[in-house]
Protein chains: 2
Amino acid sequence: MELTGQSIIGYQRGKKTGKALSGFNPSTGQPLMPNYYSASEEEVDKAVQLASQSFTPYSALSGKDRAAFLRTIADNIDRLGETLVERASSESGLPAARIRNERGRTCSQLKFFAKMIESGSWVDARIDHAEPTRVSVPKPDVRSMLQPLGPIASFCAGNFPLAFSVAGGDTTSALASGNPVIVLGHYGHPGTAELVGMAIQNAALKCGLSEGVFSLLFDAGHNVAKALVRHPEVRGVGFTGSRAGGMSLMEVSNSRPEPIPFYAEMSSINPVFVLPSAIASRGEAVAKGLHESATTGMGQFCTNPGVVVTIGDAERFISQFVALMSATADGTMLNQNVVSSYRRAVSERSKQPAVKVRWSAATFAQANTTGCSAGTAVFETDARNWLDDPSLQDEIFGPAILLVSATNPEELLEIARSLNGNLTATIMGSAEDLITFSDLAEVLGKKVGRVLFNGFPTGVEVCEAMVHGGPYPATSDGRSTSVGGRAILRFTRAVCYQNFPDAALPAELQEANPCGIWRMEDGQFVQSRLPNG
Amino acid sequence: MELTGQSIIGYQRGKKTGKALSGFNPSTGQPLMPNYYSASEEEVDKAVQLASQSFTPYSALSGKDRAAFLRTIADNIDRLGETLVERASSESGLPAARIRNERGRTCSQLKFFAKMIESGSWVDARIDHAEPTRVSVPKPDVRSMLQPLGPIASFCAGNFPLAFSVAGGDTTSALASGNPVIVLGHYGHPGTAELVGMAIQNAALKCGLSEGVFSLLFDAGHNVAKALVRHPEVRGVGFTGSRAGGMSLMEVSNSRPEPIPFYAEMSSINPVFVLPSAIASRGEAVAKGLHESATTGMGQFCTNPGVVVTIGDAERFISQFVALMSATADGTMLNQNVVSSYRRAVSERSKQPAVKVRWSAATFAQANTTGCSAGTAVFETDARNWLDDPSLQDEIFGPAILLVSATNPEELLEIARSLNGNLTATIMGSAEDLITFSDLAEVLGKKVGRVLFNGFPTGVEVCEAMVHGGPYPATSDGRSTSVGGRAILRFTRAVCYQNFPDAALPAELQEANPCGIWRMEDGQFVQSRLPNG
């Protein structure tokens, strides 16, 4: 497949006239061809108008037809083979093995949603039958189900060139629930975006979908992002990225005359509370696991553990952990912006009087050959300083950890209570600890989307129960998750039909339940009826 | 029960020092004693802090315990008997029979939610069991369920002194899902608010709940509203009222450093499409029903039909309708603000060149004895003018109707496509029409929360399937409903537990399913297990 550098606008390609950007290999420092061209205002509008026109026919497709589309996308991505792996790896500096895993996850996720919409019960169909003889007012027949919103703008994330990008979570859940999608590629991996974008465009063509169900735009700046969020026909936004980026788009979203769902996943320090029993029984294993979780992928995960809290004398455990961190080879970060932000943040934290630098890789001060290499860092502070300085809760995106020592369980709890919203929090300890420290689990449950026990926050399982979200500033809307079964809900709303003739109802709500889905009928969950039922 | 005029702050009462307001009888023009005192900044903060402190213990209660609280509230409201009916009727000008109905609806709604949280399946519990032997990465045990958000600010609506006020929909769904609530009373019916507020305070005391689960504040201006929406400990807002009021609070909400769910139900013109077959087969009945729906309660419903669209020659039907409207006696509106807004809006619309005044009650120009009386109005325009003038979509809150005539089905569809978001839309016709005009139902389904067939939009059934919401500007957040089963979702978010020991999980997620609820286990809906199952 030849890369052209042009946007994908419905079944056409964009112009080569806008400001150009190019991919960049952070491992070699070389730019990657071809150039990619920023979409013009007209192109943004065209993509959105096409999406808008395709909304009615696309949303009217059955779940099975939409599932076939998602499965075709997965097949097409698989068929890109090593071309995709090599390009994504070159553009991100991430090892080929990681990219292959991420591709597996991306395609599994497409199939996970395909299965969900094939079986169809996700629409939360509810039926309350009429009671025409009820006194004093007859009860009407009322039926409702979730329906899609319309064109959705989906933003690629820098740190996941596949799983949170063109065919990533937001695109997949939006398409699954019946919404057209306009994707904005990330400047860091435009070639990967184009390859996946063509896979989706070809799938849409093969499935005979209306033009506009999918578009992919590029931008060397921020104009396209803003134009998409501002566009009156855009009905929802999914973003994964930095806090600054998320907040600036949230402002644009807030300034719209018509408010829309705006989901930005922004920043998280994913605190890990290591209780004495964990250190006593398996301190070395915890230190090893934590080191692996904190440094895999150069710490460039939204769920990367950034803060580790201990109680009392934990020096043995800490020394083990610091030894592992300091023995970690430097690695390549995603791009120059990420590495320079990381270096600046590490350098600033190093200067904070409340913080002791336990270890910081020497290469920080130096430019290496490509400019994208960096090393690990470990900082230390105590509960008092933590509680006094809210800036210690700012995320450092990369392999840096802040150790916070509490002198007693009450201080540990105070640290938990002081936390801003996070994606995850982890407790390392014994089952008895969860009883002794029951307040800790309780407090953390109010601060995060996911509480882990004796696990590591990186590695987000795609399953029905997963929650990858959390209170602000982890996300802009803590009600939603961007991973897992509930992600299909984010670009939907319930629509209700009162006293409709059966034939005019969506199939999911027709009396005979032709879709064979689970429904709530007169307050009871009812499974699909048998043919003679 | 003696009215004191003081706010209810947890288990205490507010000061009598703030700016005073008093209830007002719109039928007699007399103020109603006692005076009510605006809450001070300190009182607002105290109510929120108490709510915040009560959040952990209140949210930890079982569904059964919270249900007992809701049922006690309903009992206490019932026990207020005619005292409540008389006060609410005096303060609103609404007839006693209507208030009794509304009380019945309010108490039924409390019991509807009580039943839902007693059975408990609403929490959407999901369990994905571990697969420790999975290659290449072991699958963790992941469980999640919906949890409450924290203190919720609930605003009383002027037009429903009971059902959308102190113990109304938002308060009930917030309390049901485990959130403390701070209610702001409406200036129009403070005495009703105090009576119901005391019923809730007494129920909280009787159930031994932590102080702060409920507070009720008053305000002669807008400071308390803004302070509540701005307060960092407030985690969600429910508002039903005017578009101006909703928009101004939405701005305050958007300016918060930490975004929160903000649900304002604001304005809706609830278009009714009367197709030729309906006129031919039962035009007179439709005219009568429409007249009743448009004038009951002086048209002061969010679901009041404000626009009626016909095709071709509908003059016979229109004349019948206009005759009924013009024969309607003047009535008392809720308060002086409402009546003066209504008069101003009717007078402005009368002057629009695109609009013909078909009927307008003569009393509009005159002040009557109490200043709160008004009559009906019927305006007429055609599709072209409708499409050219978006201001014709502005709601006139009261018994005024705009008739819009389309010359053919395509124009009818254009009108439908031009609609802003609404709570409801109605199609009057035959079952065959829904096939012939299938685009109409499709288009309307994308514009509203509820589509009715051969019914009238007023009268919102409280049932699992009801949707009382819709795209902007009907509401600020079209994903949610303020009435029906799904209203319990609005102040919740999913929280996930990974690899938690069974005993440390919320009961709803424990392996043995001790709550006996429906859950999604490994992707399958599973009912409560039998004791030996």
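Residues numbered from 1 in each chain as written. Chains lettered and ligands numbered in written order. Predicted model: local features only at pLDDT ≥ 70, side-chain atom pairs only at ≥ 80, totals over all residues.

The subject of this paragraph is the overall build of chain A. For chain A, the helix and strand inventory stands at 15 helices and 23 strands. The principal-axis extents of the C-alpha atoms in chain A amount to approximately 70 × 60 × 40 Å. Long-range pairs, those at least 24 residues apart, make up 75% of the contacts in chain A between residues at least 6 apart in sequence. (Helix = DSSP H or I, 4+ residues; strand = E, 2+ residues; numbered from the N terminus. Contact = placed C-beta atoms within 7 Å.)

Before going further, it helps to examine the pairing of strand 21 (residues 492-498) of chain A. Remember that side chains alternate between the two faces of the sheet whenever the strand is regular. Of all seven residues in strand 21 of chain A, seven are buried; the element is thus mostly enclosed. Both strand 21 of chain A and strand 20 (residues 448-453) of chain B contribute to a ladder of three bridges, which runs parallel. Directly across from Tyr497(A), in strand 20 of chain B, lies its bridge partner Val451(B). (Buried ≥ 20, exposed ≤ 12 C-beta atoms within 10 Å, placed from the backbone. Pairing = 2+ DSSP bridges.)

What follows concerns the nonpolar core. In summary, soluble globular proteins display a tendency toward joint burial of nonpolar side chains. In this structure, Val274(A) and Val274(B) are the most contacted members of the largest nonpolar core, which totals 355 residues. Excluding residues that lie within four positions of it along the chain, Val274(B) makes contacts with Ile279(B), Val286(B), Val308(B), Val309(B), Thr310(B), Ala314(B), Phe317(B) and Met428(B). (Core = buried A, V, L, I, M, F, W, Y, C linked by C-beta atoms within 7 Å.)

Moving on to the interface of chain B and chain A. On the side of chain A, 56 residues touch chain B, which itself brings 56 residues to the contact. Listed by contribution, the elements that provide at least two residues to the side of chain B that touches chain A are strand 5 (126-128), strand 6 (142-148), helix 14 (431-436), helix 15 (438-445), strand 20 and strand 21 (492-498) of chain B. Ranked by residues supplied to the side of chain B that touches chain A, first place goes to strand 21 of chain B with six residues. When the residues that make up the side of chain B that touches chain A are grouped by side-chain class, the tally is 27 nonpolar, 16 polar and 13 charged. (Nonpolar A, V, L, I, M, F, W, Y, C, P; charged D, E, K, R; others polar.)

Rotating chain B by 180 degrees about the axis while translating it 0.0 Å along that axis superimposes it on chain A, leaving an RMSD of 0.0 Å. The two molecules are tied by a two-fold rotation axis, judged by turn and shift. Considering only C-alpha atoms, the part of chain B nearest the rotation axis is Asn254(B), at 3.2 Å. Comparing interface residues between copies, 100% of those in chain B also lie at the interface in chain A; the contact surface is shared. (Least-squares fit on C-alpha atoms with pLDDT ≥ 70 in both.)

Attention shifts here to the packing of helix 7 (residues 223-230) of chain A against helix 8 (residues 243-254) of chain A. Residue and element names in this part refer to chain A. Two numbers describe how helix 7 lies on helix 8: the axes approach to 8 Å, and their chain directions differ by 35 degrees. Where helix 7 crosses over helix 8, the two elements pack in a sense that is right-handed. Residue-level contacts link Ala 225, Lys 226, Val 229 and Arg 230 of helix 7 to Leu 249, Val 252 and Ser 253 of helix 8. Taken together, the residues of the contact of helix 7 with helix 8 break down into four nonpolar, one polar and two charged. (Axes fitted to C-alpha atoms, helices over the stretch in contact; angles between N-to-C directions. Left-handed = near helix turned anticlockwise from the far one by under 90°.)

Spatially, 23(A)-22(A)-5(A)-6(A)-21(A)-20(B)-19(B)-12(B)-13(B)-18(B)-17(B)-15(B) is the arrangement adopted by the 12 strands of the open sheet, whose pairing is mixed. The open sheet has two edge strands with one neighbour each: strand 23 (524-526) of chain A together with strand 15 (356-360) of chain B. Taken pair by pair, the neighbouring strands of this sheet meet at an average axis angle of 20 degrees, ignoring direction. Pairing analysis gives five bridges linking strand 19 (residues 422-428) of chain B to strand 20 of chain B, with the strands arranged parallel. Note on strand 20 of chain B: the bridge partner recorded for Asn422(B) is Val448(B). The strands touched by helix 9 (residues 276-295) of chain B within the sheet are strand 12 (272-274), strand 13 (307-311), strand 18 (400-406) and strand 19 of chain B, with strand 12 of chain B carrying the most contacts at an inclination of about 150 degrees.

Looking now at the domain arrangement of chain A. Where interface size is quoted, it is often the accessible area lost as the parts come together. All names here are of chain A. You can read the domains of chain A as domain 1 (8-123 + 148-266 + 483-489) and domain 2 (272-453). One C-alpha centre belongs to domain 1, the other to domain 2; they are set 32 Å apart. Between domain 1 and domain 2, the contact holds 13 residues from the first and 13 residues from the second. Partitioned by chemical class, the residues of the side of domain 1 that touches domain 2 number three nonpolar, eight polar and two charged. (Domains from an automatic or database assignment.)

In this section: the pairing of strand 13 of chain B. Residue and element names in this part refer to chain B. Within strand 13, five of the five residues are buried, leaving the element largely enclosed by the surrounding structure. Residue alternation in strand 13 divides its side chains into two sets, Val 307, Val 309 and Ile 311 and Val 308 and Thr 310, and both sets are buried. Bridge count for strand 12 against strand 13 is three bridges, and the pairing is parallel. By the bridge assignment, Val 272 is partnered in strand 13 with Val 308. With helix 9 bridging strand 12 and the parallel strand 13, this β-α-β connection has right-handed handedness. (Right-handed = clockwise from strand over helix to strand, strands pointing away.)

All names here are of chain B. The strand order 2-1-9-8-7-10-11 describes an open sheet built from seven strands, whose pairing is mixed. Looking along the sheet, the strands with just one partner apiece sit at the ends: strand 2 (12-13) and strand 11 (262-265). Note that strand 8 (residues 181-184) and strand 9 (residues 214-217) share four bridges and pair parallel. From the neighbouring strand, Leu 184 faces strand 9, where its bridge partner is Leu 217. Sheet strands in contact with helix 7 (residues 223-230) are strand 7 (152-155), strand 8, strand 9 and strand 10 (236-240), and its direction is about 155 degrees off that of strand 8.

Let us now look at the environment of Ala441(A). Along the chain, the position of Ala441(A) falls in helix 15 (residues 438-445). Under the C-beta neighbour-count criterion, Ala441(A) is labelled buried, with 22 such atoms within 10 Å. Ignoring any residue separated from it by four or fewer positions in sequence, one finds Ala441(A) in contact with Ile427(A), Leu434(A), Val451(A) and Ala504(B).

This part covers the packing of helix 2 (residues 63-79) of chain A against helix 4 (residues 96-119) of chain A. All names here are of chain A. Interaxial distance between helix 2 and helix 4 falls to 8 Å at its minimum, and their mutual angle equals 170 degrees. In terms of their interaxial angle, helix 2 and helix 4 are classed as roughly antiparallel. At the point where helix 2 passes helix 4, the crossing takes the left-handed sense. Taking contact as the criterion, the partners of Gly 63, Lys 64, Arg 66, Ala 67, Leu 70, Arg 71, Ile 73, Ala 74, Ile 77 and Asp 78 in helix 2 are, on helix 4, Arg 103, Thr 106, Cys 107, Leu 110, Lys 111, Phe 113, Ala 114, Ile 117 and Glu 118. (Parallel < 35°, antiparallel > 145°, perpendicular 65-115°, else oblique.)

Turning to helix 15 of chain A, a few remarks are in order. All names here are of chain A. Among the residues of helix 15, those classed as buried are Leu 440, Ala 441, Val 443 and Leu 444. Each buried residue of helix 15 sits inside an arc of 165 degrees when the element is viewed along its axis, so together they form one side. Turning to helix 15, the residues buried within the fold contact strand 12 (272-274), helix 13 (409-418), strand 19 (422-428), helix 14 (431-436) and strand 20 (448-453). (Arc of directions from axis to C-beta.)

A separate point is helix 13 of chain A. Of all the positions in helix 13 of chain A, only Glu411(A), Leu412(A), Ile415(A) and Ala416(A) are classed as buried. Looking down the long axis of helix 13 of chain A, one finds its buried residues gathered within 145 degrees of arc, a one-sided arrangement.

Residue and element names in this part refer to chain A. Between Val 135 and the following residue, Ser 136, the backbone shows a cis peptide bond with an omega angle of -10 degrees. With an omega dihedral of 0 degrees, the bond running from Tyr 472 to Pro 473 counts as a cis peptide bond. Residue position: Pro 473 is located in the loop between strand 20 and strand 21. With a phi close to 50 degrees, Asn 454 is a non-glycine residue in the positive phi region.

Another aspect to go through is the environment of Glu380(A). Residue and element names in this part refer to chain A. Mapped onto the secondary structure, Glu 380 falls in strand 17 (residues 377-382). For the pair Glu 380 and Ile 318, spaced 62 residues apart in sequence, the C-alpha separation works out to 9.8 Å. In this structure, Glu 380 is in contact with Val 355, Lys 356, Arg 358 and Leu 403, ignoring residues within four places of it in sequence.

Here we take up the environment of Met1(B). All names here are of chain B. By the element assignment, Met 1 lies in the segment before strand 1 (8-9). Met 1 sits in the partly exposed class, given 14 other C-beta atoms within 10 Å. C-alpha separation for the pair Met 1 and Glu 194, spaced 193 residues apart in sequence, amounts to 9.9 Å.

A word on the confidence of the model for chain A. In this model, chain A carries a mean pLDDT of 95, and residues with pLDDT of at least 70 account for 97%. Taken over the whole predicted complex, pTM reads 0.97, whereas the ipTM for its chain interfaces reads 0.97. (pLDDT = per-residue confidence, 0-100.)

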